[in-house]
Amino acid sequence: MKAVAIEKYGGPEVLQLMDLPKPAVMEKDVLIEIHAASVNPVDWKIREGYLQDMLHHRFPLILGWDAAGVVVDTGPGVTKFKRGDKVFSRTDIARNGTYSEYVAVDEKYVAMKPANISFEAAAAVPLVGLTAWQALVDYAGIKKNDKVLIHAGSGGVGSFAIQLAKSKGCYVAATCSTTHVDFVRSLGADQVVDYTKGDFSLQIHDYDIVFDTIGGETYRKSFKVLRQQHGVMVSILEQPDHELAEQTGVRVGYLFMHPDGKELGKIAELVEAGEIKPVVGKILPLEEARNAQMISQSHHARGKIVLQVRG
């Protein structure tokens, strides 16, 4: 099969188009013929070698762990899927990824693709959808009328999180740059703060939840906007600052998303109901995976970058 893989850690230049064997199908695996895969920051962080102490991959390593496609084979222990099913998945990051024509993935990480969207749109959902769900629903426990601040509202995770929070009946504020204000507002944000023109911590007060996707000074300032003794801070970049949490009485957490087919199925229901629309910023052919990662690494992408594997 055709795949984009690396044989060593390094910059974008280590990404190479290769001809590799199809993955072996294990007991509980489904083999997915990939139609589209998406690009996420974790892809190039692994390529650079930042996570090699946590994830012990073998080379050649196929990057990418979001995919949408069609089931073409199943292991003998598979009970939930059959050949011909249109599915999507956040696959196992410990195994080879999805910048390829096929991927084998345990059925517990797979869900039926929303029927009302394309493979390209579906491929844009799993990581960002599960990240937003696990941060806001599982950890923060969002409920109707909560006030939620979402940082980097125009990015992949942020654009999904805004829509998810609105689907739960929350009041949502989001930060972004000037060029993305109208876009973020179109996602449903009730208040949009242009961080190039003002300090969000001086404009927003008494919020129930902050979802931090930026870290650093943004993370620390966010404690100021939360309701003391009742607020929740969840970050995908910063480990909990227990000193600030103790000072403010805020509950703090760090999230490293884990794949979950059941939760992905719940997200699919929201997509099919029209509550959430995946945001695809750019579609490139698989052969341009190197360029796609460079765009992702620039931190200026709107929505998700998707690789089209089959037309």
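Above this text sits the structure in question.
Residues numbered from 1 in each chain as written. Predicted model: local features only at pLDDT ≥ 70, side-chain atom pairs only at ≥ 80, totals over all residues. Heavy atoms only, no water.

A. Local environment of unusual backbone geometry. The step from Phe59 to Pro60 runs through a cis peptide bond, and the omega angle for that step is -5 degrees. Along the polypeptide, Pro60 turns up in the loop between helix 1 (41-48) and strand 4 (61-62). Positive phi, close to 75 degrees, is recorded for Asn145, a residue that is not glycine. For Asn145, the position within the fold is in the loop between helix 3 (126-139) and strand 9 (147-150). For Asn145, a relative accessible area of 59% puts it in the exposed group. You will see that Ala152, though not glycine, has its phi angle at about 55 degrees, which is positive. Relative to the helices and strands, Ala152 is located in the loop between strand 9 and helix 4 (156-167). (Helix = DSSP H or I, 4+ residues; strand = E, 2+ residues; numbered from the N terminus. Buried < 20%, exposed > 50% of the residue type's maximum accessible area, 1.4 Å probe, protein only.)

B. View of the nonpolar core. Among the nonpolar cores identified, the biggest contains 95 residues, and Ile46, Tyr99 and Leu136 are the most heavily contacted of them. Setting aside residues up to four positions removed in sequence, Tyr99 forms contacts with Ala3, Val4, Ser38, Val39, Asp43, Ile62, Leu63, Gly64, Leu286, Ala289, Gln293 and Leu307. (Core = buried A, V, L, I, M, F, W, Y, C linked by side-chain atoms within 4.5 Å. Contact = heavy atoms within 4.5 Å.)

C. Region of interest: the sheet that holds strand 1 (residues 2-6). The 3 strands are arranged 2-1-4 in an open sheet whose pairing can be described as antiparallel. With one partner strand each, in any of the chains shown, strand 2 (16-19) and strand 4 form the two edges of the open sheet. Pairing of strand 1 with strand 2, which is carried by 4 bridges, proceeds in the antiparallel orientation. Paired with Ala3 across the two strands is Met18, which belongs to strand 2. (Pairing = 2+ DSSP bridges.)

D. Here's a closer look at the layout of surface pockets. Considered as a void within the structure, the largest pocket measures approximately 1300 Å³ in volume. Lining the largest pocket are 48 residues; nearest its centre among them are Pro41, Thr213, Ile236, Leu237 and His299. Counting residues per element, the ones that place at least two in the lining of the largest pocket are helix 1, helix 3, helix 4, strand 10 (171-176), helix 7 (216-222) and strand 16 (304-308). By residue number, the principal contributor to the lining of the largest pocket is helix 1, which donates 4 residues. Broken down by class, the residue content of the lining of the largest pocket amounts to 25 nonpolar, 17 polar and 6 charged. Within this model, the second largest pocket holds a volume of roughly 330 Å³. When contributions to the lining of the second largest pocket are tallied by element, the ones reaching two or more residues are strand 4 and strand 7 (102-106). When residues of the lining of the second largest pocket are assigned to their parent elements, the largest contribution, 3 residues, is made by strand 7. A breakdown of the residues in the lining of the second largest pocket according to their chemical character gives 12 nonpolar, 5 polar and 2 charged. (1 Å grid on protein atoms, 1.4 Å probe; cavity = no way out; pocket = protein on both sides within 12 Å on 5 of 7 lines; lining within 4 Å. Points joined across faces, edges and corners; volume = space filled by probe spheres on them. Nonpolar A, V, L, I, M, F, W, Y, C, P; charged D, E, K, R; others polar.)

E. Structural context of the pairing of strand 10. Within strand 10, 5 of the 6 residues are buried, leaving the element largely enclosed by the surrounding structure. Here strand 9 runs beside strand 10; their pairing, made up of 4 bridges, is parallel. For Leu149, the partnering residue across the bridge sits in strand 10 and is Ala173. For the crossover from strand 9 across helix 4 to strand 10, the handedness is right-handed. Pairing analysis gives 4 bridges linking strand 10 to strand 11 (residues 191-194), with the strands arranged parallel. When the bridges of strand 11 are listed, Cys176 appears paired with Asp194. As for the winding sense of the linkage, the β-α-β connection from strand 10 through helix 5 (residues 181-186) to strand 11 is right-handed. (Right-handed = clockwise from strand over helix to strand, strands pointing away.)

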